[in-house]
Amino acid sequence: MNFVFDIDGTICFTGKNIEEEICSALDECLDKGHEVIFASARPIRDLLPVLPKRYHHVKMVGGNGAFTFKNGKIEVIYFKQEIVIALKKLIESYQLKYLADSDWDYSFTGEEDHTIFKNLDSHKTAMNKPLEGLNGISKMVIFSPPAEVKQALHKMPVSLFEHHSEELIDISPLGIDKQKGLQQLGITEFIAFGNDANDKQLFQHAKHSICVGNHPVSVYANEIVNRENVAKKIKELAKRYVNEESVYSCNN
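Residues numbered from 1 in each chain as written. Predicted model: local features only at pLDDT ≥ 70, side-chain atom pairs only at ≥ 80, totals over all residues. Heavy atoms only, no water.

Bringing the nonpolar core into the picture now. With 37 residues, the main nonpolar core has Phe-3, Phe-5, Ile-11, Phe-38, Met-60 and Ile-234 as its most contacted residues. Sorting the residues of this core by element identifies strand S1 (2-5), helix H1 (20-31), strand S2 (35-39), helix H2 (44-47), strand S4 (67-70), strand S11 (190-194), strand S12 (208-212) and helix H8 (230-251) as the ones contributing at least two each. Sorting elements by how many residues they give to this core places H8 first, with six residues. With residues up to four places along the chain from it excluded, the contact list for Ile-11 reads Phe-5, Asp-6, Ile-18, Glu-19, Ile-22, Leu-26, Phe-38 and Val-230. Among the nonpolar cores identified, the runner-up in size contains 20 residues, and Phe-79, Met-140, Val-149 and Met-156 belong to it. (Core = buried A, V, L, I, M, F, W, Y, C linked by side-chain atoms within 4.5 Å. Buried < 20%, exposed > 50% of the residue type's maximum accessible area, 1.4 Å probe, protein only. Helix = DSSP H or I, 4+ residues; strand = E, 2+ residues; numbered from the N terminus. Contact = heavy atoms within 4.5 Å.)

Take the packing of helix H3 (residues 81-94) against helix H5 (residues 147-154) next. Running from N to C, H3 and H5 point in directions that differ by 170°, and their axes come no closer than 11 Å. Considering their axes alone, H3 and H5 lie roughly antiparallel with respect to each other. Within the contact between the two elements, H3 uses Leu-87, Leu-90 and Tyr-94 and H5 uses Glu-148, Val-149, Ala-152 and Leu-153. Split by residue class, the contact of H3 with H5 holds six nonpolar, no polar and one charged. (Axes fitted to C-alpha atoms, helices over the stretch in contact; angles between N-to-C directions. Parallel < 35°, antiparallel > 145°, perpendicular 65-115°, else oblique. Nonpolar A, V, L, I, M, F, W, Y, C, P; charged D, E, K, R; others polar.)

The backbone of Asn-64 shows a phi angle near 55°, a positive value even though the residue is not glycine. When you line up the elements, Asn-64 lands in the loop between strand S3 (60-62) and S4. Classification of Asn-64 as buried rests on a relative accessible area of 0%. Despite not being glycine, Asp-121 has its phi angle at roughly 50°, a positive value. Relative to the elements of secondary structure, Asp-121 occurs in the loop between helix H4 (115-118) and strand S8 (139-143). According to the relative accessible area criterion, Asp-121 is buried, its value standing at 4%.

Printed below as a string of structure tokens:
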């Protein structure tokens with residue numbers, strides 16, 4: 001079975017690393033023959049530093065589906081040029097603070113004490129470039145957007161994920177989400193662990209879904225667990241689905 005894990009707030013609670021108890025549960029999942037896939041809002045650049053090196057070979061979805069990572073190779077989906085022009089115009093008109101991601105480099109104009117900046121390019125392998133200096137734009141975060149900007153974005157042909165508690169909007173190319181990223185990797189059946197609005201599509205398409213914490217998106221999940229029980233739940237499902245697949249094999 002494929003086990004798909006969001007990162008921040010699901011299996012990573014510091015923004016920097018994954019607790020050893022959860023790593024141990026992931027290892028047990030792999031040992032039982034399951035495949036582990038990570039699916040995050042982070043681009044691959046910022047996803048890899050959070051993961052122990054023993055997981056750097058697994059498949060990944062980044063940027064809410066704009067990035068996929070397989071066999072050490074990153075594939076990227078970019079905004080169409082007309083969308084980039086419209087976003088730039090919006091930024092200039094309202095003097096917005098933002099983070100724009102390209103294939104590896106980025107453009108950031110937000111506050112340096114913001115959590116996102118603290119987790120940005122932690123291994124210092126990328127460059128913070130002017131927006132026009134990027135190869136293309138695959139994902140954008142707008143910080144503290146006023147109501148007029150939100151209205152304008154909702155009229156544009158893009159995918160939006162609004163994070164009210166952090167006062168930001170994630171913007172991705174139209175039709176792009178984590179579920180679509182999994183499809184790009186050839187993954188259709190999976191167990192999903194998540195905790196936020198951008199995990200809705202994962203929960204809706206999963207064979208079984210688990211929301212970590214009582215977030216509004218939990219209405220789309222099969223069950224809710226708290227942070228302390230994440231490792232236990234991973235082990236429980238890893239064992240359950242080995243047994244289910246064994247029964248299926250015997251019946252066929």
